[in-house]
Amino acid sequence: GLNLGGTSFMDGFGKAGPGFAYIGLLQYRNNDKFYDNDGNDNRAFSKPKLRSTVMLNQLAYTSDMQVFGGLLGATALLPVVRLGSSTAPDSFIPLTSPENTKLGDVTLGLFLQMPPVFEHGRPVFSQRFEVDVIAPTGQYDTTYTANIGSNSWSFNPYWAMTFLPTPALELSTRLHYLYNGRNTDPGFGPAIRHVQAGQAVWANFAASYQVVPNLNVGVNGYWFRQITDDKLNGGRDPV
């Protein structure tokens, strides 16, 4: 459910005046690598595959209320997700997921969209600050090892910016921080009362070039790093 490279080009720009905006993002991912705390293949899974198709719906409202020179706004994101999973018959832990399309965790946020900085009559820089809370509203069932919802609250602030060094060249980035709360129903048996995913930081980045009016061609990606260990019953998860 994390925004890993999902937003990239012209990311620092937003609606210039009051009003609503809708953004729809369609993503497909096919994951076949699972790692342990040391970055090695997780031996609990044998030949794992986890496929996800996500339609992410975002509705944002920019108000006319000014704070520190920017416009205050609010946003809500609702993912609609379909998972597919499999592991080899000899897998120590089978990878299972719900068969039907389900709703994911809702994200609610407040943002401050700053006005673009102009130079020689054209915008050269724009930025936005946002604080998001991810609520555990998505599908979650302890009988599955892969769920659409996390069953825990998360706190996810970020800063996004776009720099236009020339009229045709664009450079953008978004810097994230993530704090995860406890999952008090992990479904691992009575000895494990709660689990807590570690904190993380990551950056989305993009660069594009305008080849013709209204058409840019570019590349984008992300860098991700978990900065604290997962916790199991309040202590370090050994896996």
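Up top is the structure these notes are about.
About the criteria used
Residues numbered from 1 in each chain as written. Predicted model: local features only at pLDDT ≥ 70, side-chain atom pairs only at ≥ 80, totals over all residues. Heavy atoms only, no water. Helix = DSSP H or I, 4+ residues; strand = E, 2+ residues; numbered from the N terminus. Areas by Shrake-Rupley, 256 points an atom, 1.4 Å probe, with all protein chains shown as cover. Lys, Arg positive; Asp, Glu negative; His and termini not counted. Charge placed at Lys NZ, Arg CZ, Asp CG, Glu CD. Salt bridge = Lys/Arg side-chain N within 4 Å of Asp/Glu carboxyl O. Buried < 20%, exposed > 50% of the residue type's maximum accessible area, 1.4 Å probe, protein only. Patch = residues over 30% accessible without salt bridge, like charges linked within 9 Å, V, L, I, M, F, W, Y side chains within 5 Å. Pairing = 2+ DSSP bridges.

Asks: So what's going on with the overall build of the chain? Residues and values would help.
Replies: Along its length, the chain carries zero helices and 15 strands. Projected onto its principal axes, the C-alpha positions of the chain cover 65 × 35 × 35 Å. Counting only carbon and sulfur atoms, one obtains 60% of the accessible surface of the chain, whose full area is about 14,000 Å². Of the charged side chains in the chain, 17 are positive and 18 negative; the average position of the first set lies 3 Å away from that of the second.

Asks: Any details on the pattern of salt bridges? Residues and values, ideally.
Replies: For the structure shown, the criterion picks out two salt bridges. With a shortest N-O distance of 3.2 Å, Asp11 and Arg128 are connected by a salt bridge. Of this pair, Asp11 sits in the segment before strand S1 (19-31) while Arg128 sits in strand S7 (residues 122-135); the two residues are 117 residues apart in sequence, bridging distant segments of the chain. For Arg128, a relative accessible area of 8% gives the class buried. Taking the shortest distance from any N to any O, the salt bridge between Asp11 and Arg174 comes out at 2.8 Å.

Asks: Residue-level account of a nonpolar patch on the surface, with values.
Replies: Judged by side-chain polarity, Phe20, Tyr22, Leu26, Met55, Leu59 and Tyr61 come together as a nonpolar surface patch covering roughly 650 Å² of accessible area. Listed by contribution, the elements that provide at least two residues to the nonpolar patch are S1 and strand S2 (49-67). With respect to the helices and strands, Leu26 occurs in strand S1. When its relative accessible area of 65% is taken as the criterion, Leu26 is described as exposed.

Asks: Give a description of the side chain of Asn3 that names residues and reports values.
Replies: Structurally, Asn3 can be placed in the segment before S1. Residue classification places Asn3 among the buried residues on the basis of a relative accessible area of 19%.

Asks: Report on the pairing of strand S5 (residues 106-113), specifying residues and quantitative values.
Replies: Sheet topology note: the strand S3 (residues 70-86)/S5 ladder contains seven bridges and is antiparallel. For Ala74, the partnering residue across the bridge sits in S5 and is Leu110. Both S5 and S7 contribute to a ladder of eight bridges, which runs antiparallel. When the sheet's bridge partners are listed, Thr107 is paired in S7 with Ile134.

Asks: Any chance you could break down the pairing of strand S9 (residues 169-180) for me, citing the residues and the numbers?
Replies: Examined bridge by bridge, strand S8 (residues 154-163) and S9 share eight bridges and lie antiparallel to one another. What sits directly across from Met161, in S9, is Thr173. Counting the residues that bridge the hairpin from S8 to S9 gives five residues. Both S9 and strand S12 (residues 200-212) contribute to a ladder of 10 bridges, which runs antiparallel. Each bridged residue has a counterpart across the sheet, and for His176 the counterpart in S12 is Trp202.

These values are about where atoms sit, not about what they do.
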